[in-house]
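Observations on the model geometry
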Amino acid sequence: MSKGSNTGFTALEVAVTLAIIAVLASISMPSFLKWLQGHRLRGAAINLTADLEMAKIRAMREGSFVSVQLAAGNYAVFIDDGSGGGIAGDMIQNGTERVIQTRQLPAGVSVPLNELTLANNRMRFNSRGLAPDIVGAELIPLVNSTGRKELRVNRLGNIRTQ
């Protein structure tokens, strides 16, 4: 056998490299997961705010009620105009009332329905962009393991995120 230059890594070098990667991953993973959960919560609040604003604008454009139905893990926005035998303005999608948006909340993010101050977990905007069923500022909370975001909607259709 001739002595030549061997190329490649020894088993010891590979094992040490993998051990270093494992230690670095175990140190950084918890902070990454916390950041990811916080990002999902912020993203859900931004999406819900944008969808409520879109519902308000759509109600003005369509000249009809646009309703939002909230559930623990999702929500739906639909034109509540009574088409197809439905009842206009009842905040229930019936008949052939068109769904504008259905959105699933990100993993781990939910709406605690027991803290929601909207009647029957629903709200609507009229053709003037107002929320006629809201008396004061209504609370829409979003929660996950890292914290909570609160959306407040008032009678004038103003939406604030806290």
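Residues numbered from 1 in each chain as written. Predicted model: local features only at pLDDT ≥ 70, side-chain atom pairs only at ≥ 80, totals over all residues. Heavy atoms only, no water.

**Description of the overall build of the protein**
Looking only at helices and strands, the protein features one helix and seven strands. Tracing the protein from N to C terminus, the helices and strands come up as α-β-β-β-β-β-β-β. Relative to a compact globule of 162 residues, whose C-alpha radius of gyration would be 15 Å, the protein shows 25 Å and is clearly more extended. Dimensions along the principal axes, computed over C-alpha positions, put the protein at roughly 90 × 30 × 25 Å. A burial count over the protein gives 35% of its 162 residues as buried. With an accessible surface of roughly 9500 Å², the protein has 59% of that area assigned to carbon and sulfur atoms. With 17 positive and 12 negative side-chain charges, the protein shows a spacing of 7 Å between the two charge centroids. (Helix = DSSP H or I, 4+ residues; strand = E, 2+ residues; numbered from the N terminus. Rg over C-alpha atoms; globule rule 2.2 N^0.38 Å. Buried < 20%, exposed > 50% of the residue type's maximum accessible area, 1.4 Å probe, protein only. Areas by Shrake-Rupley, 256 points an atom, 1.4 Å probe, with all protein chains shown as cover. Lys, Arg positive; Asp, Glu negative; His and termini not counted. Charge placed at Lys NZ, Arg CZ, Asp CG, Glu CD.)

**Digging into the pattern of salt bridges**
Side chains bearing opposite charge may pair, as long as their charged atoms lie close to each other. Scanning the entire structure with this criterion turns up nine salt bridges. Put simply, Arg58 and Glu62 hold a salt bridge, and the shortest N to O gap is 3.2 Å. With a gap of four residues between them, Arg58 and Glu62 both fall in helix H1 (residues 11-62), about one helical turn apart. By relative accessible area, Arg58 is classed as buried at 19%. A relative accessible area of 30% places Glu62 in the partly exposed class. The residue Glu150 makes a salt bridge to Arg152 at a minimum N-O spacing of 3.6 Å. For Arg152, a relative accessible area of 24% translates into the label partly exposed. Look at the salt bridges and you will find they share partners, linking Arg58, Arg61, Glu62 and Arg98 into a network. (Salt bridge = Lys/Arg side-chain N within 4 Å of Asp/Glu carboxyl O.)

**Describing the sheet that holds strand E5 (residues 138-144)**
As summarised here, the arrangement of the three strands in space is E5-E6-E7, forming an open sheet in which the pairing is antiparallel. The open sheet has two edge strands, E5 and strand E7 (159-161), and neither has a second partner. The average undirected angle you get between the axes of adjacent strands in this sheet is 20°. (Pairing = 2+ DSSP bridges. Axes fitted to C-alpha atoms, helices over the stretch in contact; angles between N-to-C directions.)

**Quick notes on the side chain of Ser67**
Inspection of the secondary structure puts Ser67 in strand E1 (residues 66-70). Given the relative accessible area of 0%, Ser67 is considered buried. For Ser67, the side chain forms a polar contact with the side chain of Asp80, separated by 3.1 Å. Among residues more than four places away in sequence, those in contact with Ser67 are Ala76, Val77, Phe78, Asp80, Met91, Met123 and Arg124. (Polar contact = N/O pair within 3.5 Å; in protein donor to acceptor, adjacent residues only side chain to side chain. Contact = heavy atoms within 4.5 Å.)

**Brief notes about the nonpolar core**
Among the nonpolar cores identified, the biggest contains 28 residues, and Leu48, Leu52, Leu70, Met123, Ile140, Leu142 and Leu151 are the most heavily contacted of them. Residue assignment for this core shows that the elements contributing at least two residues are H1, E1, strand E2 (74-79), strand E4 (122-125), E5 and strand E6 (147-153). No other element matches the seven residues that H1 contributes to this core. If we ignore the near neighbours within four places in the chain, the residues touching Leu142 are Leu41, Ala44, Ala45, Leu48, Leu105, Val109, Ser110, Val111, Gly147, Arg148, Lys149 and Leu151. (Core = buried A, V, L, I, M, F, W, Y, C linked by side-chain atoms within 4.5 Å.)

**Quick notes on the packing of aromatic side chains**
In the structure shown here, the tally under the stated rule is one aromatic pair. Over the ring of Phe65 we find Arg124; its NZ or CZ atom is 4.2 Å from the centre of that ring. (Phe/Tyr/Trp six-rings, centres within 6.5 Å; stacked < 30°, edge-to-face > 60°. Lys NZ or Arg CZ within 6 Å of the ring centre and 35° of its normal.)

**Quick notes on H1**
Of all the bends found along H1, the most pronounced is centred on Ser28 and spans about 35°, while Pro30, a proline, follows it within four residues. Within two residues after H1, Gly63 carries a phi angle of roughly 70°, on the positive side. (Bend = angle between axes of the 7 residues up to and from the residue.)

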